[in-house]
Amino acid sequence: MDLSERGAGGSLRHPWETARARFFIDLLNRRGLLTGESRWLDVGAGDGWLTGELAEASPTGATFVCWDINYDSSLLKTLGDNHPEISHSADEPTGTFDRVLLLDVIEHVEADRTFLTRIVADRLRSGGTALISVPAWQPLFSQHDVALSHFRRYSPRAARSVFWQAGLVIETEGGLFHGLLLPRLAQVAGERLGRRTPSAGIGSWHGGARTTRAVNAVLRGDADVSRRLSDRGFQLPGLSYWALCTKP
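Residues numbered from 1 in each chain as written. Predicted model: local features only at pLDDT ≥ 70, side-chain atom pairs only at ≥ 80, totals over all residues. Heavy atoms only, no water.

1. What to know about the environment of E110
Looking at where E110 falls in the secondary structure, it is placed in the loop between β4 (97-103) and α4 (112-123). Since its relative accessible area comes to 60%, E110 is described here as exposed. When the C-alpha positions of E110 and F151 are compared, they lie 6.2 Å apart, and in sequence the two are 41 residues distant. Not counting residues up to four positions away in its chain, the partners in contact with E110 are F151 and R152. (Helix = DSSP H or I, 4+ residues; strand = E, 2+ residues; numbered from the N terminus. Buried < 20%, exposed > 50% of the residue type's maximum accessible area, 1.4 Å probe, protein only. Contact = heavy atoms within 4.5 Å.)

Below is the structure:
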């Protein structure tokens, strides 16, 4: 969860967040990337919940660094108590990493190509893996994106261009959250007609346990479709685009 959204909702995680975590952890596992002794960097880690889920799915020996420029001293004291293998830093870590996560990060950076190129050059070892996700389709840019301080959304072609120019080779890619495209399109159309729509992020989730389970089931089914399609080399447009990349 982005720190700007932290603490705004109830005790349950937003189904979008849990479905996304399940999808990416399953992807990394199926690609044989959850191995011992790996060093991970989560760029823009927010409250670090996903990193904690990843740590629990990883074998002993893996270590994780959550890096977020928005961490302050009081927050750093509360993060990572349950995971001694995870450290947190507001300053950019030193050294190189085997795996780098940039999940819904580069859309927050105005000079996205420059930023990603530097991360790949300085923080990802040769032969290492980067998992990147971005919000998809610039025509869907809405007040929701403005509220979350997004500079842009990406078509798959635009995202690939950024990744390639940063020195990455895409191994597999796809869309995610296909079923959310039409609701977002309706929201954007309403905004174009002057209708005000809520711009709250995932921290605003107030659904009860039953509603949360139901929405989770729908989104997990959506993510399973993404997995099967990407395994076969097909790409179905989704609200998000992701790519698993390597550094030669």
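Once the structure has been displayed, the description carries forward.
2. What about the nonpolar core?
Core analysis: the biggest nonpolar cluster contains 36 residues, and F24, L28, W40, L54 and L131 have the highest contact counts within it. Among the elements that make up this core, the one with the highest residue count is helix α1 (residues 15-30) (eight residues). Among residues more than four places away in sequence, those in contact with L28 are L33, L34, W40, L54, L131 and L244. Counting residues in hydrophobic clusters, the runner-up holds 28 residues, among them V100, F115, I119 and Y241. (Core = buried A, V, L, I, M, F, W, Y, C linked by side-chain atoms within 4.5 Å.)

3. Quick look at the pattern of salt bridges
Within the structure shown, the criterion is met by nine salt bridges. For D26, the salt bridge identified is with R30, shortest N-O distance 2.9 Å. Of the two residues, D26 and R30 both sit in helix α1, four residues apart, roughly one turn of that helix. Given the relative accessible area of 30%, D26 is considered partly exposed. Among the residues examined, R30 registers a relative accessible area of 34% and is labelled partly exposed. The closest approach of N and O atoms between E92 and R118, which form a salt bridge, is 2.8 Å. Taken together, the residues E92 in the loop between β3 (86-89) and β4 and R118 in helix α4 connect sequence positions 26 residues apart. We classify E92 as partly exposed; its relative accessible area is 26%. The network of salt bridges with common partners includes E92, R118 and R123. (Salt bridge = Lys/Arg side-chain N within 4 Å of Asp/Glu carboxyl O.)

4. Side note on the packing of α1 against helix α2 (residues 49-57)
Viewed as axis vectors pointing N to C, α1 and α2 meet at an angle of 40°, and their least axial separation amounts to 10 Å. Between α1 and α2, the interaxial angle falls into the category oblique. As α1 runs across α2, the sense of the crossing is right-handed. On the side of α1, the interface is formed by E17, T18, R20, A21, I25 and L28, while α2 contributes W49, L50, E53, L54 and A57. When its residues are assigned to classes, the contact of α1 with α2 shows seven nonpolar, one polar and three charged. (Axes fitted to C-alpha atoms, helices over the stretch in contact; angles between N-to-C directions. Parallel < 35°, antiparallel > 145°, perpendicular 65-115°, else oblique. Left-handed = near helix turned anticlockwise from the far one by under 90°. Nonpolar A, V, L, I, M, F, W, Y, C, P; charged D, E, K, R; others polar.)

5. Considerations on unusual backbone geometry
In terms of backbone geometry, most residues other than glycine have negative phi values and most peptide bonds are trans. Its identity is not glycine, yet E37 carries a phi of approximately 70°, on the positive side. As for its position among the elements, E37 is in the loop between α1 and β1 (39-43). Judged by its relative accessible area of 65%, E37 is exposed. Positive phi is not limited to glycine here, since F177 has a value of about 65°. Inspection of the secondary structure assignment puts F177 in the loop between β6 (169-176) and α7 (181-192).

6. A closer look at the pairing of β1
Across the five residues that make up β1, a large majority, four, are buried. The pairing of β1 with strand β2 (residues 63-67) spans five bridges and is parallel. Each residue of the ladder has a partner; that of W40, found in β2, is F64. Note that the unit made of β1, α2 and β2 has a crossover that is right-handed. (Pairing = 2+ DSSP bridges. Right-handed = clockwise from strand over helix to strand, strands pointing away.)

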